[in-house]
Amino acid sequence: MALPSHISSTLAHPSSTRTPVYALVGNPNCGKTTLFNALTGLKQKVGNYPGVTVEKKIGTAYSQHGQPITVIDLPGAYSLAARSPDEAVTRDVLLGRRADTAQPDRILCIIDATNLERNLYLVHQILDLGRPVILVVNMMDLAAAAGLTVRISRLEQALGIPVIACEAVNGKGLIELKVAMSRPDLPLARHAWDVPAAIAPAVTELQASLVSHDCKAPFIARAEALLLLTDHDSVRVAGSTPLHARTAEILHTWQKRWEDEGTDWAGALVNSRYDAIGRIAAEVILQTGETGPTPSDKIDAVVTHSVWGWAVLGAVMTLLFISIFTLAEPPMNWIDDQTAILATWVKHAMPDGDLRDLVTTGVIGGVGGVIKFLPQILILFFSIGLLESTGYMARAAFIMDRLMNRVGLNGKSFIPLLSSHACAIPGIMATRTIEDPKDRLVTILVAPLMSCSARLPVYLLMIAALVPGDRVPLLTKVSIMIFMYALGTLGAFGFAWLFKRTLLKGAPPLMIMELPPYRLPRVKDVALNMLERGALFLRRAGTLILGISIILWFLSAYPRAPDGTTDQQQLAQSFAGRAGHLLEPAIKPLGFDWQIGIGLISSFAAREVFVSTMGVVFNAEATDDTAPLRQAMLAAKWPDGRPLFTPLVCFTLMIFYVFAMQCMSTIAIVKRETNSWKWPLFQTAYMTGTAWILSFVVYQAGTALGF
Amino acid sequence: MAAPIKLSELAVGASAVIREFPKADPASIRLREMGLLVGTRVTLVRTAPLGDPLEIKLRGYHLSLRKSDADYVLVEPAE
C-alpha cells in the first residue's frame, strides 16, 4: 500500500473552533501514562467506556500557541487484533466503531526504544488506518544504556511521518512533540508492505464490502479488512458496532476456504508485517555497546529465585500490610474524630427533631463510617500502583501463577486477592489488570471472602467473649484469628475452583505476560492514579452508601418510642428491632437471637458496625475498651435463661462473618465492575448462603457434641 | 539440522530458533504478534520458582508463558 509521499493531511476543521482530537496509543509498559500525564497535567477526566469496565481517560494539552488539544489515552495494547476488553476498546475507538467516542483526528503512537521491533507491530497496524500519525520514541536514555542507538532520522525517512525522540520521565522531547502536535498539517505515512498474495483478494473484497455495507472510509475499511483477517475470534465488547451481515459472510467464506486449503492466513499476515518491520529495524537500530546482564537481569536473579523469590515476595507483602495498618490508623482516627465533631456541630446548629437526627446519625454517622476506610483504600491503591509501575507486580504474578493455576486462576489474580485482606474494594478495582474476562470475574466473585480489616473488630470482640477470663492469652487470640483468615482464604480458592469448573468454564486462555524492566516508580503518576481511583470509588459507591445509610438510620429510628426511653429500648422497638425478630426464625438454628439479628442487619453499612450496634443493643458504654461490652454480652440471656453468647455461638458468629456478604460498598463496586446487578446479587446470595450453611453445621454439630 | 524440540523442553539458559507452530489457533497468533516467529531466536531465561511458567527472552524483551502454551512452539536448539 505505497502512498505518494507528497500526500498530506490537514485537520478536519482547521478553521473551526473544534479542538483537534488525538488518540494516544502504545504497548503496555512503554511509558504511555507518564507521557499522557506530562502532556495534560492535571487536566484529565477519568471515566468508563459505557457498557465495559475499561477506563476512559481524556485530557487537554495545549499547543505552543496555547490552543487546546484533546488527548484520549487509549488502553495499552499489543495489537489491534484484540484479546482483552482493553485492547478491544482501543481497536474500536481507532476504527470509529464506538458511538460514544468520536473517531480521533490524529494518532500519537508511543513506542519503547529498547524494544523497538515488537512495539512497531502495533504502529504498523495503525499506519494502515491512513490517519496522520506522530511517532514518539520513548526511553531513549534506557536504549542508550542498553547499548542501542536508535537513528530517529532514519526511522522518520522509512515511515514518512514525524518521529520524536523522547524521555517522558524527565520531560525531554516534550516541546518538540507539542510543536509537532500543533502543526496544522501532517504528512501521511509512506507505508509500504506486501500483503501475502493468497490473502490480497480477500482484503480487496472485504474492503469493498466494508465501504458499501458498513459505510467506512476506504482507508479505514482496508485497515479493518486486514484486522479481521488476523482475528480468529475477536473480542467483542459492549458499545461496539457489529459488522454488516454481508461483510461477516464474506469473511467466513474466505476463512473457511483457507482452513480447507490449510492456509495459515492469520500467521501469514503477522509474518509479512514483521518482515517489513525487520527491514526498518535493520536500518534504524545500531547495536553499539556490549550486552551484558542489565540491572534488571541482576535484580531478577534474586527476585524470581526459587528460594529468595519467596522471601522477597513475603517481605514485600508484609511491608505492604504493615504500612496499610500503621499508616492508615492516624487518618482513620482523625476521620472518626472529625465526623464526631461535625455531628456535634450540626446537633448544636439545628433544631431538635427527626431531621437533625437524620443528618447527624444517618448521614454523617453512616457515611463517616465508610469514609473512615478511605485512608486504607488510598494506601492500597498507592501500593498497588507502586508495585505496578516498578515492574514487581508482573514478578509476583510470575511467581504465583503456578499456585493460582491450581484453582483455575492466573498469577495476576494474586495481588487483587491479597489486597482484599485489607479491603475488597481496591482488590476488586485492581482486577482490571486481568485480561481474561472469566478469570477477572471469578477473582471479583471470591475477593470479599478474604477477611478484610472491617471484620477484625468483630473477630476481636468475639474472641474476647469466647475466651473466659479478662485477659485473652495472645496465643489463643492469634490462633483463632489465623484460623478465620485461613478459612476465608481457603473459601476463596475453593469457590474460585468451583466457579472455574462450573459457572465460568472455558478453555484456559493463553497466559502470556511481559516482564518489563524494573523502573524507578514515578511517584507523581502513582499518586495521581491513587487520587483518580479514590474519587472513582467515592463517585461510584457514594450514592449507594448515602442511600443505604439513610435507610439503616430510618430502620433503627422509627417508629419512635415515647420520650424518655433509652437508646436500647428505642432500637428494640424500631423497625430494625422488628426485623431482628422477623429474622430470628432463620438464624435461630445458628444459635443467634433477634438482638444478634439487628447486628447482622446493621453490618451491611460496614461489618465493624456490628460492634457499635451490639453496644447499643446491650446498653454498654461505648469506649475503646471492649471489656464493658463483653461483660454485657456475657450477661445476655435467651428468654428461657440460657446464656446467649456461649463460646460456640461466638465461634459460629465468626464463621458467619468470614463468609457472609455484608458490605454495601463492595456490592456497589462489584455492580460497577461487572456492569450489572446480576453478579453482585449472585455474590451476595452464594456468600451469605454459604455462611448460613456452614454456621448451621458448626452450631448444630457443636451442640450435638456438647459444646 | 537437529530435530526440533518443544520450547518447554529447552534447558534453562539455552537459546534456540523457533521452527514451527503446530497449532494455528488464536493463542498461537498472539504469540506471533508478540514477535515469536519462525526464525526468531529465543533464550529460556528461567522457570518460575515452582517450575512453571517459563521466562523467555526475545527481541530484547522478556516474556512469561506457561509450559502448556510453550508445548506448541517447536524450536531448534542453537549452539
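Residues numbered from 1 in each chain as written. Chains lettered and ligands numbered in written order. Predicted model: local features only at pLDDT ≥ 70, side-chain atom pairs only at ≥ 80, totals over all residues.

*Asks:* So what exactly am I meant to see when it comes to the overall build of chain B here?
*Replies:* Along chain B, the regular secondary structure elements total 2 helices and 6 strands. Traced from its N-terminal end to its C-terminal end, chain B shows the element sequence β-β-α-β-β-β-α-β. In summary, chain B has a C-alpha radius of gyration of 11 Å against a globular reference of 12 Å for 79 residues, a match within 12%. Considered along the principal axes of its C-alpha atoms, chain B spans approximately 30 × 30 × 20 Å. Counting only residues that meet the buried cut, chain B has 46% of its 79 residues in that class. Long-range contacts, defined as pairs at least 24 residues apart, comprise 58% of the intrachain contacts of chain B with a sequence gap of at least 6. (Helix = DSSP H or I, 4+ residues; strand = E, 2+ residues; numbered from the N terminus. Rg over C-alpha atoms; globule rule 2.2 N^0.38 Å. Buried ≥ 20, exposed ≤ 12 C-beta atoms within 10 Å, placed from the backbone. Contact = placed C-beta atoms within 7 Å.)

*Asks:* Would you explain the overall build of chain A in this entry?
*Replies:* Within chain A, the secondary structure is distributed over 29 helices and 12 strands. In terms of overall size, chain A behaves like a compact globule, its C-alpha atoms giving a radius of gyration of 30 Å where 707 residues would be expected to give roughly 27 Å. Once the C-alpha set of chain A is aligned to its principal axes, its extents read approximately 95 × 55 × 55 Å. A total of 707 residues make up chain A; the buried ones form 48% of that total. Counting only contacts in chain A whose residues sit at least 6 apart along the sequence, the fraction spanning at least 24 positions is 73%.

*Asks:* Before we go on, may I ask you to explain the sheet that holds strand S4 (residues 54-58) of chain B in this structure?
*Replies:* Within a sheet, each strand pairs with its neighbour through backbone hydrogen bonds, oriented either parallel or antiparallel. Spatially, the 7 strands line up as an open sheet ordered S12(A)-S5(B)-S4(B)-S3(B)-S2(B)-S6(B)-S1(B), and their pairing is antiparallel. Unpaired on one side and paired on the other, strand S12 (512-514) of chain A together with strand S1 (5-6) of chain B mark the two borders of the sheet. Bridge count between strand S2 (residues 15-20) of chain B and strand S3 (residues 41-47) of chain B: 3 bridges; the pairing is antiparallel. Among the inter-strand pairings, Ala16 of chain B is bridged to a residue of S3 of chain B, identified as Val42 of chain B. (Pairing = 2+ DSSP bridges.)

*Asks:* What is the right way to look at the interface of chain B and chain A in this model?
*Replies:* Reports of interface size often rely on the accessible area that becomes lost once the parts have come together. In this complex, chain B contributes 29 residues to the contact, which on the side of chain A involves 33 residues. Elements with a contribution of two residues or more to the side of chain B that touches chain A: helix H1 (26-33) and strand S5 (61-65) of chain B. The greatest single-element share of the side of chain B that touches chain A, amounting to 7 residues, is contributed by H1 of chain B. A breakdown of the residues in the side of chain B that touches chain A according to their chemical character gives 14 nonpolar, 5 polar and 10 charged. (Nonpolar A, V, L, I, M, F, W, Y, C, P; charged D, E, K, R; others polar.)

*Asks:* Where do I start with the sheet that holds strand S3 (residues 44-48) of chain A in this structure?
*Replies:* Residue and element names in this part refer to chain A. If you trace the 7 strands from one edge of the open sheet to the other, you get S3-S4-S5-S2-S6-S7-S9, paired in mixed fashion. What marks the edges here is a single partner per strand, and that holds for S3 and strand S9 (163-165). Ignoring strand direction, the axes of neighbouring strands in this sheet form an average angle of 25°. As judged from the 4 bridges shared by strand S2 (residues 21-26) and strand S5 (residues 68-73), these two strands associate in the parallel manner. For Tyr22, the partnering residue across the bridge sits in S5 and is Val71. Along the sheet, helix H5 (residues 152-159) makes contact with strand S7 (133-138) and S9, crossing S9 at roughly 165°. (Axes fitted to C-alpha atoms, helices over the stretch in contact; angles between N-to-C directions.)

*Asks:* Sorry if this is basic, but what is going on with the nonpolar core here?
*Replies:* Across soluble globular proteins, you tend to see nonpolar side chains buried next to one another. All names here are of chain A. Core analysis: the biggest nonpolar cluster contains 226 residues, and Leu24, Cys109, Leu135, Val136 and Val137 have the highest contact counts within it. At 10 residues, helix H27 (residues 647-659) tops the list of elements feeding residues into this core. When residues no more than four places from it in sequence are discounted, the contact partners of Leu135 are Cys109, Ile111, Val123, Leu159, Ile161 and Val163. (Core = buried A, V, L, I, M, F, W, Y, C linked by C-beta atoms within 7 Å.)

*Asks:* Explanation requested: the pairing of strand S6 (residues 106-112) of chain A in the structure shown.
*Replies:* For a regular strand, side chains alternate in direction, first toward one face of the sheet and then toward the other. Residues and elements named next belong to chain A. Along S6, 7 of the 7 residues are buried, which leaves the element largely enclosed by surrounding structure. Where burial is concerned, the two faces of S6 agree: the one with Arg106, Leu108, Ile110 and Asp112 and the one with Ile107, Cys109 and Ile111 are both buried. Both S2 and S6 contribute to a ladder of 5 bridges, which runs parallel. Along S6, the bridge assignment pairs Leu24 with Leu108. Looking at chain direction, S6 and S7 are connected through 6 bridges and run parallel. Counterpart to Cys109 in the pairing with S7 is Leu135. This β-α-β element, S6 to helix H3 (residues 116-127) to S7, shows right-handed connectivity. (Right-handed = clockwise from strand over helix to strand, strands pointing away.)

*Asks:* Looking at this structure, I do not really get the confidence of the model for chain B. What am I missing?
*Replies:* In regions of low pLDDT, the predicted coordinates are not meant to be interpreted in detail. With 95% of its residues at a pLDDT of 70 or more, chain B has an overall mean of 90. Reported confidence for the predicted complex is 0.95 by ipTM and 0.86 by pTM. (pLDDT = per-residue confidence, 0-100.)

*Asks:* How do you make sense of helix H25 (residues 609-617) of chain A when you look at a structure like this?
*Replies:* Spacing of three or four residues puts side chains on the same side of an α-helix, whose turn is 3.6 residues. Residue and element names in this part refer to chain A. Within H25, burial applies to Val609, Phe610, Thr613, Met614, Gly615 and Val617. Check the buried side of H25 and you find it contacts helix H13 (354-371), helix H19 (456-466), helix H22 (567-573), helix H24 (594-602) and helix H26 (627-635). Within two residues after H25, Asn619 carries a phi angle of roughly 55°, on the positive side.

*Asks:* Explain unusual backbone geometry here, please?
*Replies:* Leaving glycine out, the prevailing phi sign among residues is negative, and the prevailing peptide bond configuration is trans. Of the consecutive residues Tyr558 of chain A and Pro559 of chain A, the connecting peptide bond is found in the cis state with omega at -15°. Here the amide bond leading from Asp52 of chain B into Pro53 of chain B is cis, since omega sits at -5°, within 30 degrees of zero. Tracing the backbone through its elements, the reader meets Pro53 of chain B in the loop between S3 and S4. Unlike most non-glycine residues, Met139 of chain A shows phi in positive territory, near 65°. The class for Met139 of chain A is buried, based on 27 C-beta atoms found within 10 Å. Even without being a glycine, Arg59 of chain B presents a positive backbone phi close to 45°. Checked against the element boundaries, Arg59 of chain B lands in the loop between S4 and S5.

*Asks:* I keep staring at the packing of helix H20 (residues 474-501) of chain A against H27 of chain A and nothing clicks. Help me out?
*Replies:* Helices that pack against each other are described as a pair by the angle of their axes relative to one another and the distance between those axes. All names here are of chain A. Interaxial distance between H20 and H27 falls to 9 Å at its minimum, and their mutual angle equals 40°. Taken together, H20 and H27 sit at an angle that is classed as oblique. The way H20 lies across H27 gives a crossing that is right-handed. Only Met654, Val658 and Phe659 of H27 make contact with H20, whose side of the interface consists of Met484, Leu487, Gly488 and Gly491. Looking at side-chain class alone, the contact of H20 with H27 contains 5 nonpolar, 2 polar and no charged residues. (Parallel < 35°, antiparallel > 145°, perpendicular 65-115°, else oblique. Left-handed = near helix turned anticlockwise from the far one by under 90°.)

*Asks:* Please explain helix H7 (residues 200-213) of chain A as it appears in this structure.
*Replies:* Residues and elements named next belong to chain A. Counted at 1.5 Å a residue, the expected span for H7 with its 14 residues is 20 Å, and the 20 Å between its end C-alpha atoms agrees. Of all the positions in H7, only Ala202, Val203, Leu206, Gln207, Ser209 and Leu210 are classed as buried. The buried residues of H7 occupy an angular sector of 165° when projected down its axis, which confines them to one face. Looking at H7, the residues exposed on the side facing more than 90 degrees away from the buried face are Ala200 and Pro201. (Expected span 1.5 Å × (residues − 1). Arc of directions from axis to C-beta.)

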